[in-house]
Amino acid sequence: MKLLEGKKALIFGIANKRSIAWGIAQAFHEHGAELGFSYGIPQLERRVRPLAQQIGVGFVEKCDVSSDEETDAVFQKAADHFGQIDILVHSIGYALREDLEGRFVDTSREGFKTALDISAYSLVALARRAAPLMPDGGSIISMTYYGAEKVVPHYNVMGVAKAALEASTRYLAADLGPQGIRVNAISAGPIKTLAAAGVSGFRKMLRYSEERNPLRRNVDQREVGNTALWLCSDLGSGVTGEVVYVDAGYHILGMPEPPEKWD
Ligand code: NAD
């Protein structure tokens, strides 16, 4: 049974084949959705187009979400191409490199603004433009991380941006719910991607999580894609305003298993 037969989805945030958004695109494609891709910077086109071709996606457009003009333009093109859409995927995050190392207290005003604008406000900007293209209702999802709730070394201003993204998810869900549009976030465990490589000490995060989470392994892009799939299909019809964890259970731990050397 195909869960997204006849559905149209616009996916923002594929950079390469390691992107979480690509894991989502593959799951959606296998379940019959018609897809459109948007990527952030011109240099990514040569990576994104071949992936789009691989699964027969004809709509591939650049959009820097910090620009209102580019955001307006991509939604105009989407309206012309698709007429209406059912699903919007926001898989975008960015912070200045220097703000993902050292201390949070040293975050510059510019760094704070940049992280919050691109990683959190952009969800609001995309949702506002997507809603009129969803007259039959729809589903909007974004990607978050546990660093929104608890302090994670070096995650710093991205944690604050993810907290804003999660709060925005709830406010958007309340605003758009009466139109039948659901808004949710997926909180993924650490996955090796381009964006993750910008977080200082990321390899240690991967190892730390793998050794301690209940499943004793890290999750991958396809597992996030599969959760996006049920959430955006009719199987998720009663769920909105939620943060759904795909983190091998890491977030349930109050205290990780102490090392054996303490016995
Ligand atoms: P990625 O680098 O593949 O994706 C990040 C995307 O953001 C890229 O496609 C990049 O081009 C895009 N982007 C950045 N600035 C942009 C801008 N101004 N306009 C448009 N697009 C822009 O990495 P990823 O790990 O797949 O990240 C996707 C999402 O998942 C992010 O929100 C990230 O914070 C979140 N996330 C990642 C992890 C992880 O461990 N990888 C864990 C939890 C949540």
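The text that follows walks through the structure, step by step, so that each part is easy to find. All values reported here derive from a predicted model rather than from experimental measurement.

Inspection of every chain in the model, using the stated rule, returns 11 salt bridges. Among the salt bridges present, the one from Lys-77 reaches Glu-61, with a minimum N-O distance of 3.2 Å. Of this pair, Lys-77 sits in helix α3 (residues 68-82) while Glu-61 sits in strand β3 (residues 59-62); the two residues are 16 residues apart in sequence, bridging distant segments of the chain. Residue Lys-77 is classed as partly exposed on the basis of its relative accessible area, which comes to 40%. In this structure, a network of salt bridges that share partners links the residues Asp-68, Asp-72 and Arg-129.

Turning our eyes to something else, we now look at the site of the ligand. Near the ligand you find 29 residues, and of these Ser-19, Ile-20, Lys-162, Ile-191 and Thr-193 are the closest. Measuring from a nitrogen atom of the ligand, one finds a side-chain N or O atom of Asp-64 at 2.9 Å. Contacts to the ligand include Thr-193, whose side-chain N or O atom sits 2.5 Å from an oxygen atom. Within the complex, 91% of the 820 Å² of free accessible area of the ligand lies under protein. Taken together, the elements giving at least two residues each to the shell around the ligand come down to β5 (138-144), α5 (156-176) and α6 (194-197). With three residues, α6 is the single largest residue contributor to the shell around the ligand. In terms of residue class, the shell around the ligand is built from 19 nonpolar, eight polar and two charged.

This brings us to the packing of α3 against helix α4 (residues 109-130). Running from N to C, α3 and α4 cross one another at 35°; their axes reach a closest spacing of 10 Å. α3 and α4 meet at a crossing whose hand is right-handed. For the pair formed by α3 and α4, the contact residues are Asp-68, Thr-71, Asp-72 and Phe-75 on the first element and Leu-126, Arg-129 and Ala-130 on the second. Taken together, the residues of the contact of α3 with α4 sort by class into three nonpolar, one polar and three charged.

Across the sheet, which stays open at both edges, the seven strands sit in the order β3-β2-β1-β4-β5-β6-β7 with parallel pairing between neighbours. Two strands in the sheet have a free side with no partner beyond their single neighbour: β3 and β7 (243-246). Each adjacent strand pair in this sheet contributes to an overall mean axis angle of 20°, direction not counted. For strand β2 (residues 34-39) and β3, the ladder comprises four bridges, and the chain directions are parallel.

Of note in the backbone geometry, His-154 takes a positive phi value of approximately 70° without being a glycine. Here His-154 shows up in the loop between β5 and α5.

Here the focus is the side chain of Ser-119. Within the secondary structure, Ser-119 is located in helix α4. Within polar-contact distance, the side chain of Ser-119 engages the backbone nitrogen of Tyr-94 at 3.0 Å. In this structure the side chain of Ser-119 is engaged in a polar contact, spanning 2.9 Å, whose partner is the backbone oxygen of Ala-115. With near-sequence residues (within four places) excluded, Ser-119 lies in contact with His-90, Ile-92, Gly-93, Tyr-94, Thr-114, Met-158, Ala-161 and Leu-165.

Bringing the pairing of strand β6 (residues 181-188) into the picture now. Burial analysis of β6 places eight of its eight residues in the buried class, which makes it a mostly covered element. With burial as the criterion, each face of β6 is covered, one bearing Ile-181, Val-183, Ala-185 and Ser-187 and the other bearing Arg-182, Asn-184, Ile-186 and Ala-188. In this structure, β5 lies alongside β6, joined through seven bridges in parallel fashion. Residue Ile-141 lies in a different strand from β6, and its bridge partner there is Asn-184. As a crossover connection, the stretch from β5 through α5 into β6 is right-handed. For β6 and β7, the ladder comprises four bridges, and the chain directions are parallel. Each bridged residue has a counterpart across the sheet, and for Ala-185 the counterpart in β7 is Val-243.

Every buried residue of helix α7 (residues 202-212) is accounted for by Phe-202, Met-205, Leu-206 and Ser-209. Projected down its long axis, α7 shows its buried positions confined to an angular sector of 100°, all on one face. Those residues of α7 that are exposed and aimed more than 90 degrees away from the buried face are Arg-203, Lys-204 and Arg-207. Of the surrounding elements, those touching the buried residues of α7 are α6.

A ring pair, where both rings are aromatic, is described by two values, the distance of the centres and the angle of the planes. With the rule as written, the count across this model stands at five aromatic pairs. On the basis of an interplanar angle of 65° and a centroid distance of 4.8 Å, the ring pair of Tyr-145 and Tyr-155 is categorised as edge-to-face. Taken together, the positions of Tyr-145 in the loop between β5 and α5 and Tyr-155 in the loop between β5 and α5 put the pair 10 residues apart, joining distant regions of the chain. A single burial state applies to Tyr-145 and to Tyr-155, both of which are buried. For the ring pair Tyr-146 and Tyr-250, a centre distance of 5.9 Å and an interplane angle of 80° mean the geometry is edge-to-face. Separated by 104 residues along the polypeptide, Tyr-146 in the loop between β5 and α5 and Tyr-250 in the segment after β7 bring together distant segments of the chain.

What counts and how
Residue positions within a chain follow its written sequence, with the count starting from 1. Only residues with pLDDT of 70 or above have their local features reported here, since the model is predicted, and side-chain atom pairs are shown and tallied only from 80 upward, although totals for entire chains, interfaces and linings are computed over all residues. By convention in this description, side-chain values take in all heavy atoms of the structure and omit both hydrogens and water. In what follows, salt bridge is the name for a side-chain nitrogen of Lys or Arg lying within 4 Å of a carboxyl oxygen of Asp or Glu. Elements are defined by DSSP. Helices are runs of H or I of four residues or more, strands are runs of E of two residues or more, and each kind is numbered from the N terminus. Only protein chains enter the area calculation, which uses a 1.4 Å probe; residues under 20% of their type maximum are buried, those over 50% are exposed, and those in between are partly exposed. Near residues are defined by distance, with any heavy atom within 4 Å of the molecule or strand qualifying the residue. N or O atoms closer than or at 3.5 Å make up a polar contact, with two conditions inside protein: a donor-capable atom paired with an acceptor-capable one, and, for residues adjacent in sequence, both atoms drawn from side chains. Computed by Shrake-Rupley with a 1.4 Å probe, the accessible areas treat only the displayed protein chains as cover when residues are assessed. Gly is placed with the polar residues, together with every amino acid not listed as nonpolar (Ala, Val, Leu, Ile, Met, Phe, Trp, Tyr, Cys and Pro) or charged (Asp, Glu, Lys and Arg). Inter-axis angles, ranging from 0 to 180 degrees, are taken between N-to-C directions of lines fitted to C-alpha atoms, where helices are fitted over the stretch in contact. The handedness criterion is simple: a crossing whose near helix is rotated anticlockwise from the far helix by less than a right angle is left-handed, and one whose near helix is rotated clockwise is right-handed. Whether two residues are in contact is decided by their heavy atoms: any pair within 4.5 Å suffices. Should DSSP find at least two bridges between two strands, the strands are taken to pair. Crossovers are described as right-handed under a simple rule: with the strands pointing away from the observer, the path leading from the first strand over the helix to the second runs clockwise. Directions drawn from the helix axis to the C-beta atoms are what define this arc. Each aromatic pair joins two rings of Phe, Tyr and Trp (for Trp, the six-membered one) with centres within 6.5 Å, and gets the label stacked for planes under 30 degrees apart, edge-to-face for over 60, and tilted for any other angle.

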